[in-house]
Amino acid sequence: FRSGLFFAKHVLIVEGPSERALISRLINEGKLSCSEGDVTVIDTLGKYNTHRFMSLLNAFGICYSVVIDDDGNKDEHKELNELINATASKEYTRSIVFIPGELEEILGISKTTPHRKPQHIMMLYEKGEIKKENLDNFYKVINESIEDVRG
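Residues numbered from 1 in each chain as written. Predicted model: local features only at pLDDT ≥ 70, side-chain atom pairs only at ≥ 80, totals over all residues. Heavy atoms only, no water.

1. Brief notes about the sheet that holds strand S3 (residues 64-69)
Part 1 of the reasoning: As summarised here, the arrangement of the four strands in space is S2-S1-S3-S4, forming an open sheet in which the pairing is parallel. Each of the sheet's edge strands pairs with one partner strand only, and the pair in question is strand S2 (40-43) and strand S4 (93-99). Looking at each pair of strands side by side, their axes are set apart by 20° on average, direction ignored.
Part 2 of the reasoning: Relative to S3, strand S1 (residues 11-14) is paired through four bridges, and the arrangement is parallel. Looking across to S3, one finds that Leu12 is bridged to Ser65. (Pairing = 2+ DSSP bridges. Helix = DSSP H or I, 4+ residues; strand = E, 2+ residues; numbered from the N terminus. Axes fitted to C-alpha atoms, helices over the stretch in contact; angles between N-to-C directions.)

Shown next as structure tokens:
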């Protein structure tokens, strides 16, 4: 998946496989205001790598947006969030959106162990157990981050 960033019209950088799976599903279902060809969703295998992917995309001149948890700006996350903001390029960064808290909070779902998180989120989505209001809030965050990408 990550090699696709070199051929992308626009890259949406997310924190992990949970976000990538859910956003990709929403794009495929037409629930986000872009198509699969417009946006390539790339996860960074954790927030600690986000600035590295941003630097890579800046170096190659590839436009991108970032959607990532702010983790309440607690402990090292405050400094990490500042680093992500500082890595932004005026030319290539279209937006950086920090989800308040964590993904589970915006979706209004319970947490599970990290290695089961993607499956847990997708199971809840498939069963219709994520409230429409919470999904609408998530759609809004993603759509705003890719607003200028729509073709």
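2. Regarding the pairing of S3
Part 1 of the reasoning: In terms of residue burial, S3 counts as a mostly covered element, since six of its six residues are buried.
Part 2 of the reasoning: Side chains Tyr64, Val66 and Ile68 project from S3 onto one buried face, and the interleaved Ser65, Val67 and Asp69 project onto a second face that is buried too.
Part 3 of the reasoning: With respect to chirality, the unit in which S3 leads through helix H3 (residues 76-87) into the neighbouring parallel S4 is right-handed. (Buried < 20%, exposed > 50% of the residue type's maximum accessible area, 1.4 Å probe, protein only. Right-handed = clockwise from strand over helix to strand, strands pointing away.)

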